Amino acid sequence: QVQLVESGGGLVQAGGSLRLSCAASGRTFSSYAMGWFRQAPGKEREFVAAISWNGGRTYYTNSVKGRFTISRDNAKNTVYLQMNSLKPEDTADYYCAVDQSFGTVVVGGGDYWGQGTQVTVSS
């Protein structure tokens, strides 16, 4: 059974940092693209960042460029999202997803999804 489990969320002041992790189990995703998405209260889920199977390609939504960094460790079947200079508008539930296609992740798709971790940024 495939599972994606996010962790690392919490409450942080504006300007602070958090590092999210998403650990996959049930199969190896070293050949899959992985990504992060978020959904704020009352809003639709939006794409945040994606990384290709070997980490050679990354892509970010404009609002997080220069502040967030996506990375992965295929030996640990884990993807990370380092979030710096956090803003109140980054407050949301953050989800990870995996898909065989990098392009599919970028446009919001995924074969498998995690349950999410909550990030709250206070002003």
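See the structure shown above.
A short tour of the structure in this document, coming up.

Reading guide: rules and limits
Residues numbered from 1 in each chain as written. Predicted model: local features only at pLDDT ≥ 70, side-chain atom pairs only at ≥ 80, totals over all residues. Heavy atoms only, no water. Helix = DSSP H or I, 4+ residues; strand = E, 2+ residues; numbered from the N terminus. Rg over C-alpha atoms; globule rule 2.2 N^0.38 Å. Buried < 20%, exposed > 50% of the residue type's maximum accessible area, 1.4 Å probe, protein only. Contact = heavy atoms within 4.5 Å. Areas by Shrake-Rupley, 256 points an atom, 1.4 Å probe, with all protein chains shown as cover. Core = buried A, V, L, I, M, F, W, Y, C linked by side-chain atoms within 4.5 Å. Pairing = 2+ DSSP bridges. Axes fitted to C-alpha atoms, helices over the stretch in contact; angles between N-to-C directions. Salt bridge = Lys/Arg side-chain N within 4 Å of Asp/Glu carboxyl O.

Observations regarding the overall build of the protein
Counting secondary structure elements, the protein contains one helix and 11 strands. Along the protein, helices and strands appear, N-terminal first, in the series β-β-β-β-β-β-β-β-β-α-β-β. Relative to the globule expectation of 14 Å for 123 residues, the C-alpha radius of gyration of the protein, 13 Å, shows essentially globular dimensions. Its C-alpha atoms give the protein principal-axis dimensions of roughly 40 × 25 × 25 Å. Residues counted as buried form 43% of the 123 residues belonging to the protein. Long-range contacts, defined as pairs at least 24 residues apart, comprise 58% of the intrachain contacts of the protein with a sequence gap of at least 6. Of the accessible surface of the protein, which amounts to about 6,200 Å², a share of 43% is contributed by carbon and sulfur atoms.

Digging into the nonpolar core
One finds Trp36, Leu81, Met83 and Tyr94 to be the most contacted residues of the largest nonpolar core, which totals 28 residues. Contributions of two or more residues to this core are made by β3 (18–25), β4 (33–39), β5 (46–51), β7 (68–73), β8 (78–83), β9 (92–99) and β11 (117–122). Listed in part, the seven residues of the second largest apolar core include Phe37, Ala97, Phe102 and Val105.

Details of the sheet that holds β7
Strand order in the open sheet formed by four strands is β1-β3-β8-β7, with antiparallel pairing between adjacent strands. Each edge of the open sheet carries a strand with a single partner, namely β1 (3–7) and β7. The sheet shows a mean angle of 15° between the axes of neighbouring strands, taken without regard to direction. Summarising the sheet, β3 and β8 pair through six bridges and their orientation is antiparallel. Bridge pairing links cysteine 22 to valine 79 in β8.

A closer look at the pattern of salt bridges
Side chains bearing opposite charge may pair, as long as their charged atoms lie close to each other. Counted by the stated rule, this structure contains three salt bridges. Here arginine 38 makes a salt bridge to glutamate 46, at a shortest N to O gap of 2.6 Å. When its relative accessible area of 5% is taken as the criterion, arginine 38 is described as buried. Residue aspartate 90 is joined to arginine 38 by a salt bridge in which the shortest nitrogen-to-oxygen separation is 2.9 Å. Here aspartate 90 is found in the loop between β8 and β9, whereas its partner arginine 38 is found in strand β4, with 52 residues between them in sequence. If you follow the salt bridges from partner to partner, you end up with Arg38, Glu46, Arg67 and Asp90 in one network.

That is the geometry; function is a separate question.
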